[in-house]
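Per-entry structural report
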Amino acid sequence: MQPKSADSDPFDLEFDADDEFAAPSNIEDDWRETPIDRPTQAPHPDPFAGLNAGGPNAGGLNTGAMSAGALPGGGLGSGLSGALAGDEAWRDDELDVPPGATPHPDPFAGLAPPPEPAADPFADLPPAQPRARTVSPEAQETPDLAPIAPHNPVGEIISHVSNALGEPVVPRITIHAFCESPETGDMIRGAAGDRRMERASTVVRDGGLTAAADYYQNQPTPSLVIVESSDPAPRMLALLDRLAEVCDPGTKVIVIGQANDIALYRELMRRGVSEYLVPPLRTLQVIAAVTTLYADPSAPFIGRQIAFCSAKGGAGASTLAHNVAHEISERMNAGTVIVDLDLAFGTAGLNFNHDPLQGILDALSQPDRLDPVLMDRMMVKHTDHLSLFAAPATLDQDYAIDAEIFEEVIQKIRAAAPYVVLDLPHAWTVWKRRMLLTADDLVIVAEPDLASLRNAKNIIDLVKSARPNDAPPKVVLNKVGLPGRPEIPVKDFGEALGVQPVMAIAFDAKAFGQAANNGQMISEVAAKTKAAESIDQLTRLMLNQREATPAPAAKTSILSSLLKRK
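Residues numbered from 1 in each chain as written. Predicted model: local features only at pLDDT ≥ 70, side-chain atom pairs only at ≥ 80, totals over all residues. Heavy atoms only, no water.

1. What about the nonpolar core?
The following threshold applies: Side-chain atoms within 4.5 Å are what join buried Ala, Val, Leu, Ile, Met, Phe, Trp, Tyr and Cys residues into a set we call a nonpolar core. Exposure is judged per residue with a 1.4 Å probe applied to protein chains only, and the accessible area is read against the type maximum: over 50% gives exposed, under 20% gives buried, and values in between give partly exposed. In this analysis, two residues are considered to be in contact whenever any of their non-hydrogen atoms come within 4.5 Å of each other.
Membership of the largest hydrophobic core comes to 50 residues, with the highest contact counts inside it found for Val339, Leu341, Ile360, Phe389, Ile413, Leu422 and Leu424. Residue contacts for Val339: discarding those within four places in its chain leaves Ile360, Phe389, Ile410, Ile413, Val420, Val421, Leu422 and Asp423. Membership of the second largest hydrophobic core comes to 36 residues, among which are Phe352, Val502, Ile505 and Met521.

This is the structure we're talking about:
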């Protein structure tokens, strides 16, 4: 095979795999042949032919057994077997010793016999039993709760990184897809309906790469073109060159091909193709490929958006949202922002004991001027890692604000903090629907009664139909065990919803009432109660963390206990 020059094109149209990479028929692989394959040629020479045979008792190699003529057709295999037989001279018995020679002494004649094996010290013990799983008292009371995943340190680190970042969305662009198979067309239509691509306008056509090259001869190209091709590499590249002649400079191209070939991938990247995908594909893969192309390189991150909404008024969604946000900021040591979107009756200022002069209404009133400096002035800094966008909580105006303004302001807040917790009102509006469908995580807080069951079912059905590629919302049952109230059991509640509740928080009027009156969180006023433990578990669930084992109490000396008594 003649070597190619460095500047030769590996995808030449005259390329023929059989001619280029097939071994010529006139070349013999001498290293593969054995004496059996070459009966007419002389056998391989004996490499030990010139060695000295030594004396009869020298203990050396038995060269007579290794000679090539000792066995018919004596090759390398027969010589090696003779060498092994002659090398073990100490195994010779009297029949193998020549006449007049002294037999070899037994080297193990004076050794004591091997001792008996020691008895097994664990033979009388019963077989080991599997370790029982420790279950908290609250988990025993509510056995239908979702189990917590086992400890995986590497997975926990990866989940922390992924949870600290939100999912980007595709900007307002136009996407044309030319598909060869109906399955690919259906998959792209499903991706177009996803919440991450709802801003983009997507058109799906048949015909693949050939149809795309013909269509844009007289039509302008959109922002993104997705083409599918099952053609061989030379024809695919020729069609792509034809398409490149009519594409606008800013047009990006994603190719869906059949060949999983690294050389083809590199050639496509060299020719300006933005991405190359190989079946089998999933909807999320297509969405990730598109969102990656249009990710803002100047943005360091996109904050993770967690939305809390109640199935009915007074279920406790605001209280849980504030407590979970506080725990996230303390546990992750990362910037967390609470956005109170209940403009008329928000309680974020009261729950954190703040009365700010500015808040979320000021940001919604001037979204064009909202930058990191102005945003920092409007927020209330509660701790080093927790800030509040409080609601005005007044009835002086009607708060008629467009849904696009809410979305624009929330996107700017997400660019300033790793975690954004939305406290949504119970009232149903157009912008609340948008917040529910665009959130990275959605938590529905309900009570174990019939009204909450009906409303939660409606919300879950809406979210599932609008977000088929996302996990279902998390349902939290709050105020469980209210004295004197008939309740729907947790298991029956989950079966009716089609989603099992991830948490059931017991009713604790003292802990929650004291925290609300003091303007503090549950972990600050009642850290050892079941309510604080439930909020801690809910926070870990939102962060995808395992349940931590509580740290042992510090040991105290006798002297310190005596001093405390005094």
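Back to the text.
2. As for the pairing of strand β7 (residues 336-340)
Selection rule: Per the convention used, a helix needs a DSSP run of H or I reaching at least four residues, while a strand needs a run of E reaching at least two, with both numbered from the N terminus. Pairing between strands requires that DSSP locate at least two bridges from one strand to the other.
In terms of burial, β7 is largely enclosed, as five of its five residues are buried. Side chains of β7 alternate between two faces, with Thr336, Ile338 and Asp340 and Val337 and Val339 buried alike. With five bridges connecting them, β7 and strand β10 (residues 419-423) associate as parallel partners. Opposite Val339, over in β10, you have Leu422 as the bridge partner.

3. A closer look at the sheet that holds strand β5 (residues 275-277)
Spelled out, the test is: A fitted line through C-alpha atoms represents every axis, and for helices the fit uses only the stretch in contact; the resulting angles, taken between N-to-C directions, go from 0 to 180 degrees.
Strand order across the open sheet formed by five strands is β2-β1-β3-β4-β5, with parallel pairing between neighbours. Two strands close off the open sheet at either side, each with one partner strand: β2 (201-206) and β5. Within the sheet, the average angular offset between the axes of one strand and its neighbour, ignoring direction, is 15 degrees. Both strand β1 (residues 174-179) and β2 contribute to a ladder of six bridges, which runs parallel. Following the sheet pairing, His176 is matched in β2 by Val203. In the packing of helix α6 (residues 182-192) onto the sheet, contacts are made with β1, β2, β3 (224-228) and β4 (252-256), and the angle to β2 comes to roughly 175 degrees.

4. With respect to the sheet that holds strand β12 (residues 474-480)
Pairing is mixed in the open sheet, where eight strands are placed in the order β8-β9-β7-β10-β6-β11-β12-β13. Each edge of the sheet is formed by a strand with only one pairing partner; in this case those strands are β8 (380-381) and β13 (503-506). Where strand β6 (residues 304-310) lies against β10, five bridges are found, and the strand directions are parallel. Bridge pairing links Ala307 to Leu422 in β10.

5. Digging into the pairing of β3
Which entries qualify depends on this criterion: Looking down the strands as they point away from the viewer, one classifies a crossover as right-handed if the path from the first strand across the helix to the second runs clockwise.
Along β3, five of the five residues are buried, which leaves the element largely enclosed by surrounding structure. In the sheet, β1 pairs with β3 via four bridges, with the strands oriented parallel. Residue pairing across strands places Phe178 opposite Val227, the latter belonging to β3. Bridge analysis of β3 against β4 gives five bridges, and the strand direction is parallel. Bridging from a neighbouring strand, Val227 pairs with Val255 of β4. What joins β3 to β4 is helix α8 (residues 233-244), and the crossover it makes is right-handed.

6. Regarding unusual backbone geometry
The step from Pro279 to Pro280 runs through a cis peptide bond, and the omega angle for that step is 0 degrees. With respect to the helices and strands, the residue Pro280 is situated in the loop between β5 and α10 (283-293). Unusually for a residue other than glycine, Asn353 sits at a positive phi of about 60 degrees. Structurally, Asn353 is set in the loop between α12 (348-351) and α13 (360-365). Owing to a relative accessible area of 58%, Asn353 belongs among the exposed residues under this scheme.

Worth remembering: the numbers are spatial, not functional.
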